[in-house]
Amino acid sequence: MTKLVTIFGGSGFVGRYIARRMAKEGWRVRVATRDPNEALFVKPYGAVGQVEPVFCNIRDDDSVQAAIQGASAVVNCVGVLEEKGKNTFLAVQADGADRVALFAAKAGVENFVHVSAIGASQEGASEYSRSKAAGEAHVLRHMPNAVILRPSIIFGTEDQFFNRFAGMTRWGPVLPIAKANTKFQPVFVDDVAQAAVMGALGTAAPGVYELGGPDVDTFRGLMGRMLTVIRKRRLVLGMPGFVAKLVALFGGWGQTLSLGIVKTPITSDQLKSLSSDNIVSEGAQGFDALGITPRNMSAILPDYLWRFRPSGQYDAIKESAQNLKAYE
């Protein structure tokens, strides 16, 4: 019988790419998600019945245990960028990871992959990084042979990084950012998925892998690259520390009072995370150890950021017309 993999968060940004790759490997794929009806788009990733979304609340023992039943491999890529209601960093990224790994071990799962993040540390400045570290510790306690992936900021068609800031360029001539000199090593989502699949298939050795792309740049530098791709001129303004703290504070209040309708530009915890560079540690094993060559941002960003250009999909046509006029 074809082997089964359960992917927790399999309809999310990273999870959907893992699901697609596992389906291509011929595996049956169970996508564990809070809302299966919103995850029906994963079904065409494979043959009829090969990829199936199922309900699962990572905070609930019974639904996690049911989602794992019969699986030979488990991938956990559930995470939150900001807390909302019961979905706190601790509940999702620490206790949730603990629950998934515990029931995977009890079920005799062969291969376990956990997607964490660069910067995960018990001494981290942010609750996000501390909860990620706690999640890793729980996973290794139950599944000592797990593959743990720590990606830097992940980019791709559905990302919440470049898409978010490109969207902000519609508001005016200034693009304000916090911690402008913090360094990042953006990694393409499908490269992370390829690493996860190697772990699920058992072709990656157990251990922790820090995943970063070929480019290292500051927050300000990345915004400059994005602006070049979308062909807009904006002043990238690095906010002073006290201003960023006020924005996070009042933005958080506004988001709470509006019941989430008004989104804060940055949370206080995200601001703390930005205090440290988000790059691969010296000596850490990464893509090289997996035999994967990560793809460059310049080859990917234009494929999905074109919609933020002044004329959208017609921008390139306009440029071609102007070039033709120049030769007349």
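This text follows the structure it describes.
Reading the values: the criteria
- Residues numbered from 1 in each chain as written.
- Predicted model: local features only at pLDDT ≥ 70, side-chain atom pairs only at ≥ 80, totals over all residues.
- Heavy atoms only, no water.
- Buried < 20%, exposed > 50% of the residue type's maximum accessible area, 1.4 Å probe, protein only.
- Helix = DSSP H or I, 4+ residues; strand = E, 2+ residues; numbered from the N terminus.
- Arc of directions from axis to C-beta.
- Contact = heavy atoms within 4.5 Å.
- Polar contact = N/O pair within 3.5 Å; in protein donor to acceptor, adjacent residues only side chain to side chain.
- Pairing = 2+ DSSP bridges.
- Axes fitted to C-alpha atoms, helices over the stretch in contact; angles between N-to-C directions.
- Phe/Tyr/Trp six-rings, centres within 6.5 Å; stacked < 30°, edge-to-face > 60°.

## A few points about helix α2 (residues 61-68)
- Those residues of α2 not exposed but buried are S63, V64, A67 and I68. Buried residues in α2, looked at end-on, bunch into an arc of 130°, giving them a common side.
- Close packing links the buried residues of α2 with β1 (4-8), β2 (28-33), β3 (51-55), β4 (73-76) and α3 (89-106).
- Near the N-terminus of α2, the side chain that reaches the backbone nitrogen of D62, with its oxygen 3.3 Å away, is that of D60.
- Once α2 finishes, G70 follows within two positions and takes phi at roughly 85°, a positive value.

## Examining the sheet that holds β3
- Taken in spatial order, the 7 strands make up an open sheet running β3-β2-β1-β4-β5-β6-β11, and their pairing is parallel. Because the sheet does not close on itself, it has two edges, and the strands there are β3 and β11 (207-211). Going across the sheet, the axis of each strand differs from the next one's by a mean of 20°, ignoring polarity.
- Bridge count for β1 against β4 is 4 bridges, and the pairing is parallel.

## A look at the packing of aromatic side chains
- Applying the stated criterion to the full structure yields 10 aromatic pairs.
- Consider the rings of F155 and F188, whose centres lie 5.7 Å apart with planes at 35°: the pair is tilted. Taken together, the residues span a long stretch of sequence, with F155 in strand β7 (residues 154-155) and F188 in strand β10 (residues 187-188) at a distance of 33 residues.
- Since its relative accessible area comes to 1%, F155 is described here as buried.
- Here F188 falls in the buried class, since its relative accessible area comes to 10%.
- Look at F184 and F219: their rings are 5.7 Å apart centre to centre, the planes differ by 75°, and that puts the pair in the edge-to-face class. Taken as a pair, F184 in strand β9 (residues 183-184) and F219 in helix α7 (residues 219-230) lie far apart in primary sequence, 35 residues in all.
- The exposure class assigned to F184 is buried, which follows from its relative accessible area of 6%.
- These aromatic residues form a ring-pair network of at least three members: F155, F161, F162, F165, F184, F188 and F219.

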